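Chain by chain, the residues run as shown.
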Amino acid sequence: MDVADQPSQPSLPRESKAARLRARAVRAVDALEQLVGGVGTAVPALVAWVWLVLVAALSLLGVGLLLLPSALRLVRTVADRERARLTRWGSDVVGPPPVPENLWDAVRDRMVRREAAWAGLHGTVGLFLGLLGIAVPLAAVQDVTFPLWWELLPPGEATGTAGLMTVTDTRGAVIVAVLGLGWIVLALVASPWGARAQASPGRRLLGPLPGTDLALRIAQLTATRAAGLDAHLAELRRIERALHDGTQNRLVAVTVLLGAAGRATDRGDTDAAREALGKAQWAAEDALAELRSVARGILPPVLSDRSLADALTGLAATSPVRCTLEVAIPERCPASLEATAYLVVAEALTNAARHAHADEVRVTVRLDAGQLYVTVADDGRGGADETGGTGLVGLRRRVEAHDGTLTLTSPAGGPTTLEVRLPCGP
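So, here is what we can say about the structure in this document. (Residues numbered from 1 in each chain as written. Predicted model: local features only at pLDDT ≥ 70, side-chain atom pairs only at ≥ 80, totals over all residues. Heavy atoms only, no water.)

This part covers the pattern of salt bridges. For the structure on display, the rule yields nine salt bridges. Among the salt bridges present, the one from Glu275 reaches Lys279, with a minimum N-O distance of 3.4 Å. Taken together, the residues span about one helical turn, with Glu275 and Lys279 both in helix α8 (residues 270–298) at a distance of four residues. Glu275 sits in the partly exposed class, given a relative accessible area of 49%. Measuring nitrogen to oxygen at the nearest pair gives 2.3 Å for the salt bridge that ties Arg362 to Glu326. Here Glu326 lies in strand β1 (residues 322–328) and Arg362 lies in strand β2 (residues 360–368), a separation of 36 residues in the sequence. By relative accessible area, Glu326 is classed as partly exposed at 37%. (Salt bridge = Lys/Arg side-chain N within 4 Å of Asp/Glu carboxyl O. Helix = DSSP H or I, 4+ residues; strand = E, 2+ residues; numbered from the N terminus. Buried < 20%, exposed > 50% of the residue type's maximum accessible area, 1.4 Å probe, protein only.)

Dropping the structure here:
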């Protein structure tokens with residue numbers, strides 16, 4: 001039999017083994033990244049859980065009831081961060097509706113209780129698994145590189161990570177390095193398991209409740225996003241109308257007046273030319289003022305240059321109704337949320353002056369446990385209706401597009417209170 005006819009030994013098994021080894025290494029690195037991210041949520045989960053337990057204990061004594069809602073919202077904020085982390089590494093973890101405002105309803109809410117249980121598990125077991133998963137690769141690096149730096153250690157303290165032997169010569173250092181290969185094998189095998197174990201409580205407790213119609217929740221989120229897009233389109237149409245009906249007409253007038261001034265100059269009629277130029281200047285100034293008004297309606301410059309508090313201060317100063325403003329926002333929120341809060345206050349002040357004929361408006365804006373709360377109350381005649389063309393429908397769509405809530409209380413005779421909640425999390 002010719003050698004050429006003999007079946008050659010395929011190299012696929014060797015290549016497949018190398019591919020499997022690379023795949024295992026990639027999975028281990030991904031698992032290590034997940035474990036590090038898990039530590040990033042486990043630490044705040046532990047803090048939130050300890051604070052919740054402390055507040056609950058004080059509530060039994062009757063002195064912590066006022067702090068309990070904020071503690072529950074803090075747990076919800078940390079849980080939402082874990083949902084976002086789990087979603088990045090697997091199937092989507094859809095969040096629940098907001099925490100009920102009523103304290104008794106919040107305590108009875110099954111999702112709130114599940115989040116509290118998750119915070120306790122993730123803040124203890126999840127934190128331990130994450131730290132252990134980080135320690136194993138560090139131990140591998142330390143032991144594998146041990147022969148390079150063991151002589152720098154004081155006599156009697158040159159030991160490997162496991163502390164099995166005291167190194168006194170190069171041979172011992174090499175033995176420690178060989179043992180370090182075992183840490184690498186342990187990291188390759190155990191890291192994916194540790195990442196799954198760390199994520200398991202979150203996927204079991206932070207997902208939809210058993211029996212919950214997930215399709216209904218997804219449909220709700222889809223509807224709010226679609227409504228937000230509709231509100232955005234309506235805003236673009238408003239800007240287009242303002243530019244077309246206002247600024248464009250004034251610029252056309254400027255063009256016509258400049259043409260008239262040129263013809264008057266050709267005739268030598270300086271008085272007519274001067275009059276036309278004066279009218280053109282007035283029309284140009286009106287167009288510039290119109291453009292500034294449209295620009296402020298899109299996004300006030302002070303909101304992007306400085307802060308929401310500064311923008312609301314300027315809005316209250318120019319309000320036709322006497323306005324009392326209280327703002328407690330220790331940090332910046334996403335630009336889209338700040339713009340929505342600004343538009344809510346602007347629309348509420350306009351309605352208070354134009355429709356409610358109010359004498360005073362009180363605006364309160366605060367950031368609490370990852371939630372931005374905006375409250376606008378006036379002493380007007382009340383009877384506000386979202387279908388009455390007051391712009392409240394557009395505001396509701398913008399708020400719900402951020403998964404927020406808008407509540408309007410406006411009995412006939414007043415007063416009117418507009419309350420908005422916007423999640424200011426990740």
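Still to come is the rest of the account.
This part is about the sheet that holds strand β5 (residues 416–423). Ordered by their spatial adjacency, five strands build an open sheet running β1-β2-β3-β5-β4, and the pairing between neighbours is mixed. At either end of the open sheet lies a strand with only one pairing partner, and these are β1 and β4 (405–409). Averaged over neighbouring strand pairs, the angle between their axes works out to 10 degrees when direction is ignored. Note that strand β3 (residues 371–378) and β5 share eight bridges and pair antiparallel. Across the sheet, Leu372 pairs through a bridge with Leu422, a residue of β5. Its contacts with the sheet put helix α10 (residues 308–317) on β1, β2 and β3, and the angle it makes with β1 is roughly 175 degrees. (Pairing = 2+ DSSP bridges. Axes fitted to C-alpha atoms, helices over the stretch in contact; angles between N-to-C directions. Contact = heavy atoms within 4.5 Å.)

A contiguous nonpolar surface patch, about 380 Å² in accessible area, is contributed by Val144, Val174, Val178, Leu181 and Ile184. For the nonpolar patch, the element with the most residues is helix α6 (residues 170–205), which contributes four residues. Residue Ile184 is classed as partly exposed on the basis of its relative accessible area of 36%. (Patch = residues over 30% accessible without salt bridge, like charges linked within 9 Å, V, L, I, M, F, W, Y side chains within 5 Å. Areas by Shrake-Rupley, 256 points an atom, 1.4 Å probe, with all protein chains shown as cover.)

What follows is about the packing of helix α2 (residues 68–88) against α6. Packed helices, taken two at a time, are described by the angle their axes make and the gap between the axes. Their axes nearest at 10 Å, the elements α2 and α6 cross at an angle of 115 degrees. Read as a crossing pair, α2 and α6 show a hand that is left-handed. Here α2 contributes Arg85, Leu86 and Thr87 to the contact with α6, which in turn contributes Gln198, Ala199, Gly202 and Arg203. Tallied by class, the residues present in the contact of α2 with α6 amount to two nonpolar, three polar and two charged. (Left-handed = near helix turned anticlockwise from the far one by under 90°. Nonpolar A, V, L, I, M, F, W, Y, C, P; charged D, E, K, R; others polar.)

Counting 34 residues, the largest nonpolar core has Val345, Val363, Leu372, Val374, Val376 and Val420 as the members making the most contacts within it. Listed by contribution, the elements that provide at least two residues to this core are α10, α11 (335–354), β2, β3, α12 (392–401) and β5. Per element, the largest residue contribution to this core is ten residues, and it comes from α11. Among all residues touching Leu372, those that are not within four sequence positions of it are Leu308, Ile329, Cys333, Leu337, Ala341, Val365, Arg366, Leu367, Val420, Arg421, Leu422 and Cys424. (Core = buried A, V, L, I, M, F, W, Y, C linked by side-chain atoms within 4.5 Å.)

This part covers the side chain of Arg76. Inspection of the secondary structure puts Arg76 in helix α2. If sequence neighbours within four positions are ignored, Arg76 has contacts with Arg83, Pro96, Pro97, Pro98, Val99, Met111, Val112 and Glu115.

Honestly, that's just the spatial picture; any functional story needs more than this.
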